[in-house]
Amino acid sequence: MTMVKLCGLRSLDDIRSANEAGPDMAGMIMASGFRRTITKELAREMVEGLSDSILSVGVFVDQDIEEVIGIADYAGFDMIQLHGSEDEGYIQALRGRLGVPIIKSFGITHDQITAAQDTSADLVLIDPGRGSGETFDLSLLKGIGRSIFIAGGLTPDNVGETVRMTRPYGVDTSSGIESEGSKDSSKMIRFVAAVRAADYEMEAER
């Protein structure tokens, strides 16, 4: 089954919509300066309101490791996503301190793909636009040899075909489930449903 991560949730209403949609993961932006950034206090409320079947993911960008640990412990995240230029030493130190799985994001340059192949992170996310919704040539991922999440320009209308074409470990979206800058409950539901339908079709073809 393809894992589904809905990212950039920033309200208790978003959590209620996520619970209805039924993704595998829900991401919350904990780095300052972004449109979807939330406080650790709100994150804690959101994590507490999330269905037990959905993993909470705290997203951080080039932050001091002690800050990440403090926020993660307070909010109670199940997983951590590093969306900046964090190196191997940082990843290993963070895992050793928190003891939760780590997702590391990478771009699509040759150097970034090589780094994605070599990282000790538990999961790899390929996002060419670092959250901008930018699409990319999926053929660039051939031979990467890792279980990856694909992000970038995924919507309820195209994610099913993307899953059928690439058969990724998971898919991730934020702007693709928004209308006028806010999370759209119907799009969240449609996005998850489209992935599940694609999975069902591929299973039926085996």
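In case you missed it, the structure is sitting above this.
Residues numbered from 1 in each chain as written. Predicted model: local features only at pLDDT ≥ 70, side-chain atom pairs only at ≥ 80, totals over all residues. Heavy atoms only, no water.

Whenever I open this one, the overall build of the chain confuses me. Can you help?
From N to C terminus, the chain includes 7 helices and 10 strands. By the compact-globule yardstick of 17 Å for 206 residues, the chain fits well, its C-alpha radius of gyration being 16 Å. Based on the C-alpha atoms only, the size of the chain along its principal axes is roughly 45 × 40 × 30 Å. For the chain, buried positions account for 51% of its 206 residues. By sequence separation, contacts in the chain at least 24 residues apart represent 54% of the contacts at least 6 residues apart. Within the structure as shown, the chain displays about 9300 Å² of accessible surface, and the carbon and sulfur contribution to it stands at 48%. (Helix = DSSP H or I, 4+ residues; strand = E, 2+ residues; numbered from the N terminus. Rg over C-alpha atoms; globule rule 2.2 N^0.38 Å. Buried < 20%, exposed > 50% of the residue type's maximum accessible area, 1.4 Å probe, protein only. Contact = heavy atoms within 4.5 Å. Areas by Shrake-Rupley, 256 points an atom, 1.4 Å probe, with all protein chains shown as cover.)

Can you help me understand the pairing of strand S7 (residues 148-151) in this one?
For a regular strand, side chains alternate in direction, first toward one face of the sheet and then toward the other. Of the two faces of S7, the one lined by Ile 148 and Ile 150 and the one lined by Phe 149 and Ala 151 are each fully buried. Bridge analysis of strand S6 (residues 123-126) against S7 gives 3 bridges, and the strand direction is parallel. Counted as the bridge partner of Val 124 is Ile 148 from S7. As paired elements, S7 and strand S8 (residues 170-173) share 3 bridges and run parallel to each other. Along S8, the bridge assignment pairs Ile 150 with Val 171. (Pairing = 2+ DSSP bridges.)

Just checking my understanding: could you explain the packing of aromatic side chains for this structure?
Each aromatic ring pair is specified by the distance between its two centres and by the angle formed by the two planes. What the rule picks out here adds up to 2 aromatic pairs. Arranged with centres 5.6 Å apart and planes meeting at 75°, the rings of Phe 149 and Tyr 169 form a pair that is edge-to-face. With Phe 149 in strand S7 and Tyr 169 in the loop between helix H6 (159-166) and S8, this residue pair connects regions lying 20 residues apart in the sequence. Relative accessible area serves as the criterion here: at 1%, Phe 149 is assigned to the buried category. The exposure class of Tyr 169 is partly exposed, given its relative accessible area of 33%. Looking at Arg 44, its charged tip hangs above the ring of Tyr 74, at a distance of 4.5 Å from the centre. Of note, Lys 104 hangs over the ring of Phe 106, and the distance from its end group to the ring centre comes to 4.9 Å. (Phe/Tyr/Trp six-rings, centres within 6.5 Å; stacked < 30°, edge-to-face > 60°. Lys NZ or Arg CZ within 6 Å of the ring centre and 35° of its normal.)

How should the layout of surface pockets be read in this particular structure?
When its volume is computed, the second largest pocket comes out at roughly 160 Å³. Taken together, Met 1, Thr 2, Arg 167, Pro 168, Asp 199, Met 202, Glu 203 and Arg 206 make up the lining of the second largest pocket. Residue composition of the lining of the second largest pocket, grouped by class: 3 nonpolar, 1 polar and 4 charged. (1 Å grid on protein atoms, 1.4 Å probe; cavity = no way out; pocket = protein on both sides within 12 Å on 5 of 7 lines; lining within 4 Å. Points joined across faces, edges and corners; volume = space filled by probe spheres on them. Nonpolar A, V, L, I, M, F, W, Y, C, P; charged D, E, K, R; others polar.)

Honestly, unusual backbone geometry in this entry has me stumped. Any pointers?
For residues other than glycine, phi is negative in most cases, and the peptide bonds are mostly trans. Backbone geometry at Asp 62 places phi at a positive 50°, although glycine is not the residue there. For Asp 62, the location among the structural elements is in the loop between strand S3 (55-60) and helix H3 (65-75). Classification of Asp 62 by relative accessible area gives partly exposed; the value is 46%. A positive phi angle, near 55°, is found at Glu 180, a position not held by glycine. Along the chain, Glu 180 falls in the loop between strand S9 (178-179) and strand S10 (182-183). We classify Glu 180 as exposed; its relative accessible area is 86%.

Help me understand the pattern of salt bridges, please; the structure alone is not making it clear to me.
Side chains carrying opposite charge are able to pair once their charged atoms draw close together. Taken as a whole, this structure holds 13 salt bridges when the rule is applied. In this structure, the salt-bridge partner of Glu 86 is Lys 104, at a minimum N-O distance of 3.7 Å. Residue Glu 86 is located in the loop between strand S4 (79-82) and helix H4 (88-98), and its partner Lys 104 is located in strand S5 (residues 102-106); the two are separated by 18 residues in the primary sequence. Each member of the pair, Glu 86 as well as Lys 104, is classed as buried. When salt bridges that share partners are traced, they join Arg 35, Arg 36, Glu 178 and Lys 183 into one network. (Salt bridge = Lys/Arg side-chain N within 4 Å of Asp/Glu carboxyl O.)

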